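These are the residues of each chain, in order.
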Amino acid sequence: MQPEIMKNVDVLLIANFSLIFGMAGLFWPEKFRPIFDVLMFPWPATSRMVRANSIAAIALSFLLFLMLMARF
């Protein structure tokens, strides 16, 4: 029988990567701007958009963490 935490490894990884990229986008938006130029092609990428996406990624990470805590 697997431990309960091993059943949720995919959610844990998504939450961790969301938190990592969210924090990196807040600290270094100029390094993420070229990536957003490709991802958001018709619209020009701005530091404001990169920061907004970073905040949303951190919020997603927090919600996934709350979902995991609710399961336990």
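Further up the page is the structure itself.
Each chain has its residues counted from 1, running along the sequence as written. For a predicted model such as this one, the threshold for reporting local features is a pLDDT of at least 70, and the threshold for listing and counting side-chain atom pairs is 80 or more; totals across whole chains, interfaces and linings nevertheless cover every residue. Neither water nor hydrogens contribute to the side-chain values; these are computed over all heavy atoms in the structure.

**Q** Explanation requested: a nonpolar patch on the surface in the structure shown.
**A** Together, L19, M23, L26, F27, W28 and I55 give the surface a local cluster of nonpolar side chains, amounting to about 570 Å² of exposed area. Take the nonpolar patch: its biggest share by element is four residues, from helix α1 (residues 9-27). Looking at the element boundaries, L26 is found in helix α1. Exposure categories follow from relative accessible area, calculated using a 1.4 Å probe and restricted to protein chains: below 20% of the type maximum is buried, above 50% is exposed, and the middle band is partly exposed. On the basis of relative accessible area, L26 is assigned to the partly exposed category, the value being 32%. Nonpolar side chains (Val, Leu, Ile, Met, Phe, Trp, Tyr) within 5 Å and like charges within 9 Å form the patches, drawn only from residues with over 30% relative accessible area and no salt bridge. Method for areas: the Shrake-Rupley scheme with a 1.4 Å probe, in which residue coverage is limited to the protein chains shown. The salt bridge criterion pairs a side-chain nitrogen of Lys or Arg with a carboxyl oxygen of Asp or Glu, the two atoms within 4 Å. Strands are runs of DSSP state E lasting at least two residues, helices are runs of H or I lasting at least four, and both sets are numbered from the N terminus onward.

**Q** Looking at this structure, I do not really get helix α3 (residues 47-71). What am I missing?
**A** For the α-helix, the turn length of 3.6 residues means that residues three or four positions removed from each other point alike. Taking 1.5 Å as the rise per residue, α3 with 25 residues should run 36 Å; its terminal C-alpha atoms sit 36 Å apart, in good agreement. Within α3, the full set of buried residues consists of S47, V50, S54, A57, S61, L64 and L68. By definition in these notes, contact holds between two residues if any of their heavy atoms fall within 4.5 Å. Considering only its buried residues, α3 is in contact with α1 and α2 (29-39). The length a helix should cover is 1.5 Å for every residue beyond the first.

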